[in-house]
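Observations on chain architecture
Now for the letters of each chain:
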Amino acid sequence: MENRLEKDERTNICLGVLAHVDAGKTTLSESLLYTSGAIRKMGRVDNQDAFLDTDKMEKERGITIFSKQAVFEVEDCRFTLLDTPGHVDFSAEMERTLGVLDYAILVISGADGVQGHTRTLWNLLQRYEVPTFLFINKMDQQGTDRDSLMEKLQEKLSESCVDFSDTTSEEFCDQAAMCDEAAMEQFLEHGTVSDELLRQMIAERKIFPCYFGSALKLQGVDVFLQALKHYTIPGSYGPEFGARVYKIARDDQGVRETYMKITGGTLAVRDLLQGMDDDRPWEQKVNQIRIYSGGKYESVPVAQAGDVCAITGPDKTYAGQGLGREQEGEQPLLAPVLTYQMLPPQGMDPVQLLPKCRILEEEDPQLHILWEEEHHAILVQLMGEVQIEILKRIMAERFGVEVDFGPGKIVYRETISSMVEGVGHFEPLRHYAEVHLLLEPGEPGSGIQIKADCSEDILAKNWQRLVMTHLAERTHRGGLTGSPLTDVVVTLVSGRAHQKHTEGGDFRQATYRALRQGLMKAESVLLEPIYRFRLEIPAEMIGKAMTDMEQLYGHMDAPVTEGETAILTGTAPVSTMQHYQRELNAYTRGKGRLTLSLQGYEPCHNTEKVVEELGYDPERDLRNTPDSVFCAHGAGFVVPWYEVENYMHMPGYFSRELSLEEQSIQKQNRHKPVDEWIGTEEIDAILARTFDANRREKNVLRKGPVRRYSTGSREASRTYVGKTVPKQEYLLVDGYNVIFAWESLHALADENIHAARDRLMDILCDYQGIRGCELIVVFDAYRVEGHATEVFDYHNIHVVYTKEAETADQYIEKFTHTHATKYRVTVATSDGLEQIIIRGEGAALISSRELEAEIARAHRQMQENYQEEKLRSTASQRNYLLNEEQREKIMEQIPDSEEGDD
């Protein structure tokens, strides 16, 4: 413990080494360890004895596959060196280490200069804001030129790349001063730039020191090592514990290790780590703390801030996780672009392989393992074919299973091109949640951005957080091909919970369905991975190469000729470029050189063909259904995604702009409990049509067929939305509002409210007989303690008594919101606030006085019609009698003989 504490007094720098493959990255790591005295013998990659390439596969292939850790010291400064993979197929392993680095060393081959993957690494270092030193390696090779290389570095990476070979020269000070205003002021005043200011500029990524040498021959390594000590600043850490997990692995005995950097406080053996797993908190004890150097480790009792260590014990941790005060890390920028089917040995069920694959996925999160239930198959998303060979070896050596892989397929992604609202409702019996999401196109490469723009008066903060969690907890599939969704901004704009029946899982279902429903309505865009290529070929073959790139749907920059070599750069789809290396070798006879690096995702060049080949039907994807579940008569029923807006309980985001007065009314009503409805068998048929806005009690049975998932095409479904033609007419009457608005009924109510109510119902029965509509009169039982909703038929009209804590206004508003688009709905009320909402929902409106006048007019019209009919009937009868008299007179004039002859 004492020795450990003595070491902790030294400055501690976490240093990562990155490079394009074959730039000499591992060789530089070996030379740094050897020069510092950390190892006695300098290993070589080609001799398979490199200190950091400890894995058998790494030694055989001569490449770094897994990131490794080593510790070396320079005087009073201790460095933790992380050697990362350089091959593009293992870029995800490299990227995970960037989040824990204090500084990075970018190794560039002096013979090859800045290559395609070098730019990718540079962009990643910029994204993670890692201060960077550059070591230009292999300067002992013939044809390397320092000045030419510096020009290329400044041109292709940054103008702030500065040669630090001679920091006392005026030329150096002049170049350094150009990188920062403070440095310029100091240079103009004193003619130099201080080391202290240079350290600060390096830490703030305002300047990038460049050093030249040969790692294999140890040229320039000692100078570079001293520069690392001199120009780095140790991190500043607080007393509160924090840690960043960057890797999960298992040792030779199969013990699970969590690699992390301590970013605050200390971590001791037997300390308890805490985290969340699917919204459930966990707490696990640290059994051991290991400080690795190469393949060996030292067990320590305490890890201090700045240490990079591996711990055993916890099994809930994952790469990218933040512990303690640390937040979750960013999603990796580099992602697999190819999908392969894993083929198990003959006679083995793929299900048996799945747990083993999950272990590997845990260690490498970018190794996406997908279980395809429909075809009973395991799909693996990888970066390239080299990774396939490594995965085969790992499965054989660790699990004793010889697997194979089918042909690779492109990993497509999807986004949207227009703004759309998605609505999800989940309401089986005794459950309730509704979620409204606004989906907008995001910037290319931005991934899924999740936001909230919802008042807590509408949806409580805890429910909002839950929705945000569910949006972030899984990879969502697009509606075009089922590919992962990306570059979309998802904003929570509205939602609703029930005070009694809502549970956390309800919002998970509603959230998934809302996102999916929005994607079904949106204009989807299929994205494909794009390579940035650099093609070096003999100059006489440039025409053939350019023709090939055009046929491969590539976009090219102007070709550049350097001596007898032509250089062609540009971008092209991964799907067309993945096998071009073979063709290149054939027509250049091995003289051509192709460098590929992942550029990102762009709109697919052959969308229709890909969609047809994949044959994805989003409406049959039951694991990602866009449909919602509503409740009626105590039973849930499925509403197809294209009809959800006709059933949803909250107003849509695009429905209308609310005035201040309307917003105030809506604010008062939205947070009230969601109502449950009681009905009777006598009027069950009318309830099935009219009261879907309310919740039924479970003793009410729903009549008619239950709605099921739509099996039609998306195009057909889209044309269906909003096409229903209103037929049935409904008149809703606010009972007590009318009673106290009519003078005759008001006077009667002062003496006997029951008599006034009965009189109104009689009047409305007569009126319904004249008008022939479905008439519903609603009476307010708001203050009746314990009253349940009551519905019954009174002759030819329907009568509703609301339940306790529900006003007639609320009932009528919900009915109107749900059915105004499907039926001709008219509301009779003189409530000014209610009228504002009714107009906004698109229903017709008449005041109580206007209804009285309308009923009187209808009675007059009926009387007039009756009188006209009566007169018409009297006239017809008179004409009939006259005709009878004339007939009798004619008959009297006919002789008897004529009658007898007949």
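Residues numbered from 1 in each chain as written. Predicted model: local features only at pLDDT ≥ 70, side-chain atom pairs only at ≥ 80, totals over all residues. Heavy atoms only, no water.

1. A look at the overall build of the protein
Using the following cut-off: Only DSSP runs of H or I with at least four residues qualify as helices, and only runs of E with at least two residues qualify as strands; both kinds are numbered from the N terminus onward. Burial classes follow relative accessibility: with a 1.4 Å probe on protein chains only, a residue under 20% of its type's maximum area counts as buried, one over 50% as exposed, and anything between as partly exposed. Accessible areas in this description were obtained via Shrake-Rupley with a 1.4 Å probe; residue shielding takes into account the shown protein chains only.
The helix and strand tally for the protein stands at 28 helices and 42 strands. Scored against the burial criterion, the 902 residues of the protein give a buried share of 50%. Only carbon and sulfur atoms are counted for the fraction: they give 47% of the accessible area of the protein, which is about 43,000 Å².

2. Regarding the packing of helix 23 (residues 743–751) against helix 24 (residues 753–771)
What counts, and what does not: Axes here refer to lines fitted to C-alpha atoms; in helices the fit is confined to the stretch in contact. Angles between the N-to-C directions go from 0 to 180 degrees. Contacts are assigned to residue pairs with any non-hydrogen atoms lying within 4.5 Å of each other. Think of it as three bins: nonpolar holds Ala, Val, Leu, Ile, Met, Phe, Trp, Tyr, Cys and Pro, charged holds Asp, Glu, Lys and Arg, and polar takes everything else, Gly as well.
Closest axis-to-axis distance for the helix 23/helix 24 pair is 6 Å, and the angle between their directions is 145°. Where helix 23 approaches helix 24, its residues L745, L748, A749 and E751 are matched on the opposing element by I753, A755, A756, R759 and L760. Taken together, the residues of the contact of helix 23 with helix 24 break down into 7 nonpolar, no polar and 2 charged.

3. Brief notes about the sheet that holds strand 7 (residues 208–212)
We apply this condition: By definition, two strands form a pair when at least two bridges between them are found by DSSP.
The 7 strands lie next to each other as 2-3-1-4-5-7-6, forming an open sheet whose pairing is mixed. Unpaired on one side and paired on the other, strand 2 (68–74) and strand 6 (161–163) mark the two borders of the sheet. Neighbour-to-neighbour, the strand axes of the sheet open up by a mean angle of 30°, direction not taken into account. In the sheet, strand 4 (residues 103–109) pairs with strand 5 (residues 132–137) via 6 bridges, with the strands oriented parallel. Bridge pairing in strand 5 links L106 to L134. Of the strands in this sheet, strand 1 (11–19), strand 4, strand 5, strand 6 and strand 7 are in contact with helix 5 (residues 116–127), which crosses strand 4 at around 165°.

4. What about the nonpolar core?
This is how it is decided: Nine residue types can take part in a nonpolar core, namely buried Ala, Val, Leu, Ile, Met, Phe, Trp, Tyr and Cys, and a core is a set of them joined through side-chain atoms within 4.5 Å.
M342, V380, L535, M577 and Y580 are the most contacted members of the largest nonpolar core, which totals 48 residues. Sort the elements by how many residues they give to this core and strand 28 (residues 524–538) lands first, with 6 residues. Not counting residues up to four positions away in its chain, the partners in contact with L535 are A545, A566, I567, L568, Y580, L584, Y587, R593 and L594.

5. Section: the sheet that holds strand 14 (residues 296–300)
Adjacent strands of a sheet pair through backbone hydrogen bonds, lying either parallel or antiparallel. Read from one edge to the other, the open sheet built from 6 strands follows the order 14-13-16-9-8-17, with strand pairing classed as antiparallel. At either end of the open sheet lies a strand with only one pairing partner, and these are strand 14 and strand 17 (322–324). Averaged over all adjacent pairs, the angle separating strand axes in this sheet is 40°, with direction ignored. Pairing of strand 13 (residues 288–293) with strand 14 involves 5 bridges; the strand directions are antiparallel.

6. Details of helix 8 (residues 181–190)
Here is the rule we go by: By the criterion applied in these results, polar contacts are pairs of N or O atoms within 3.5 Å in which, for protein atoms, one can donate a hydrogen and the other can accept it, and in which residues neighboring in sequence qualify only through two side-chain atoms.
In this structure D180 caps helix 8, since a side-chain oxygen of it lies 3.2 Å from the backbone nitrogen of A182. Backbone geometry just after helix 8 places G191 at a positive phi near 80°.

7. Quick notes on a nonpolar patch on the surface
Stated precisely, the cut-off is as follows: Patches here: salt-bridge-free residues with over 30% relative accessible area, like charges joined within 9 Å, nonpolar side chains (Val, Leu, Ile, Met, Phe, Trp, Tyr) joined within 5 Å. By definition, a salt bridge exists where a carboxyl oxygen of Asp or Glu is found within 4 Å of a side-chain nitrogen of Lys or Arg.
A contiguous nonpolar patch, built from M419, Y653 and F654 and spanning about 320 Å² of accessible area, is present on the exposed surface. Topologically, M419 is positioned in the loop between strand 23 (413–416) and strand 24 (420–426).

8. Points about the pattern of salt bridges
Close approach of charged atoms allows side chains of opposite charge to pair. Inspection of the entire model under this criterion finds 26 salt bridges. A salt bridge links D180 to K206; its shortest N-O distance comes to 3.1 Å. Residue D180 is located in the loop between helix 7 (170–177) and helix 8, and its partner K206 is located in the loop between helix 9 (195–203) and strand 7; the two are separated by 26 residues in the primary sequence.

9. A closer look at the environment of I378
With respect to the helices, strands and loops of the structure, I378 is situated in strand 20 (residues 377–382). In this structure I378 comes out as buried when scored by relative accessible area, which is 1%. Each C-alpha atom, one on I378 and one on M342, is 5.6 Å from the other, the two residues being 36 residues apart in sequence. Setting aside anything within four residues of it in sequence, one finds I378 in contact with Y340, Q341, M342, P350, L353, L354, C357, I369, L370 and W371.

10. Section: the confidence of the model for the protein
The predicted coordinates ought not to be read in detail in places where the model reports low pLDDT. Definition in use: The pLDDT value tells you how sure the predictor is about a given residue, anywhere from 0 up to 100.
Per-residue pLDDT for the protein has a mean of 80; in total, 82% of the residues score no lower than 70. Per-residue pLDDT stays below 50 along residues 1–8; that stretch engages in 14 contacts with residues further than four places along the chain or on separate chains. Note on residues 894–902: pLDDT under 50 across the span, and 2 contacts to partners over four residues away in sequence or across chains.

11. A word on a negative patch on the surface
The following threshold applies: His is not counted here, nor are the chain ends, while Lys and Arg score as positive and Asp and Glu score as negative. By convention, charge coordinates are those of NZ in Lys, CZ in Arg, CG in Asp, or CD in Glu.
Judged by side-chain charge, D145, D147, E151, E155, E170, E171 and D174 come together as a negatively charged surface patch. Sorting the residues of the negative patch by element identifies helix 6 (146–156) and helix 7 as the ones contributing at least two each. With respect to the secondary-structure elements, E155 resides in helix 6. Taking relative accessible area as the criterion, E155 reaches 59% and is therefore assigned exposed.

12. Some thoughts on unusual backbone geometry
Located in the positive-phi region is K138, a residue other than glycine, with phi close to 60°. Locating K138 in the fold gives a position in the loop between strand 5 and helix 6. Residue Y553 is not a glycine yet carries a positive backbone phi of 60°. By the element assignment, Y553 lies in the loop between helix 15 (542–551) and strand 29 (555–556). Look at Y553 and you get partly exposed, because its relative accessible area is 48%.

13. Quick look at the side chain of Q284
Along the polypeptide, Q284 turns up in strand 12 (residues 280–285). Look at Q284 and you get buried, because its relative accessible area is 16%. For Q284, the side chain forms a polar contact with the side chain of D315, separated by 2.5 Å. Only 3.3 Å separates the side chain of Q284 from the backbone nitrogen of K316, close enough to count as a polar contact. In this structure, Q284 is in contact with D271, L272, L273, P314, D315 and K316, ignoring residues within four places of it in sequence.

14. Focus on the pairing of strand 4
Strand 4 sits mainly inside the fold: 7 of its 7 residues count as buried. Every second residue of strand 4 is oriented toward a common face, with Y103, I105, V107 and S109 on one face and A104, L106 and I108 on the other, all of them buried. Of the pairings in the sheet, the one linking strand 1 to strand 4 comprises 5 bridges and is parallel in character. Residue pairing for strand 4: L18 is matched across the bridge by L106.

15. Side note on the pairing of strand 18 (residues 338–343)
Bridge count between strand 18 and strand 20: 5 bridges; the pairing is antiparallel. By the bridge assignment, Y340 is partnered in strand 20 with V380. Of the pairings in the sheet, the one linking strand 18 to strand 22 (residues 409–410) comprises 2 bridges and is antiparallel in character. Within strand 22, the position partnered with L338 by the bridge is I410. The sheet contact formed by strand 18 and strand 21 (residues 404–405) spans 2 bridges and is antiparallel. Paired with L343 across the strands is D404, a residue of strand 21.

16. Overview of helix 9
Formally: The arc in question is traced by the directions running from the helix axis to the C-beta atoms.
Among the residues of helix 9, L197, L198, M201 and I202 are the ones counted as buried. Seen from one end, helix 9 has its buried residues packed into an arc of 140°, which puts them on one side. Residues of helix 9 that are buried sit in contact with strand 4, strand 5, helix 7, helix 8, strand 7 and helix 10 (221–231). Backbone geometry just after helix 9 places R205 at a positive phi near 60°.

17. Details of the packing of aromatic side chains
Quick reminder of the rule: Centres within 6.5 Å make a pair out of two Phe, Tyr or Trp rings, where for Trp the six-membered ring is used; the pair is then stacked when the planes are under 30 degrees apart, edge-to-face when over 60, and tilted otherwise.
Tallied over the full model, the rule gives 23 aromatic pairs. Arranged with centres 4.8 Å apart and planes meeting at 65°, the rings of W122 and F208 form a pair that is edge-to-face. In this pair, W122 sits in helix 5 while F208 sits in strand 7, placing the two residues 86 residues apart along the sequence. With respect to class, W122 is no different from F208; both count as buried.

18. Thoughts on the packing of helix 2 (residues 25–36) against helix 10
Worth spelling out the cut-off: In these notes the angle categories are as follows: under 35 degrees is roughly parallel, over 145 is roughly antiparallel, 65 to 115 is roughly perpendicular, and the rest is oblique.
At their nearest, the axes of helix 2 and helix 10 sit 10 Å apart, and the two run at 80° to each other. Comparing the axis directions of helix 2 and helix 10 gives the class roughly perpendicular. Residues L28, S31, L32, T35 and S36 of helix 2 touch helix 10, and the partners they reach there are V221, D222, F224 and L225. Taken together, the residues of the contact of helix 2 with helix 10 sort by class into 5 nonpolar, 3 polar and 1 charged.

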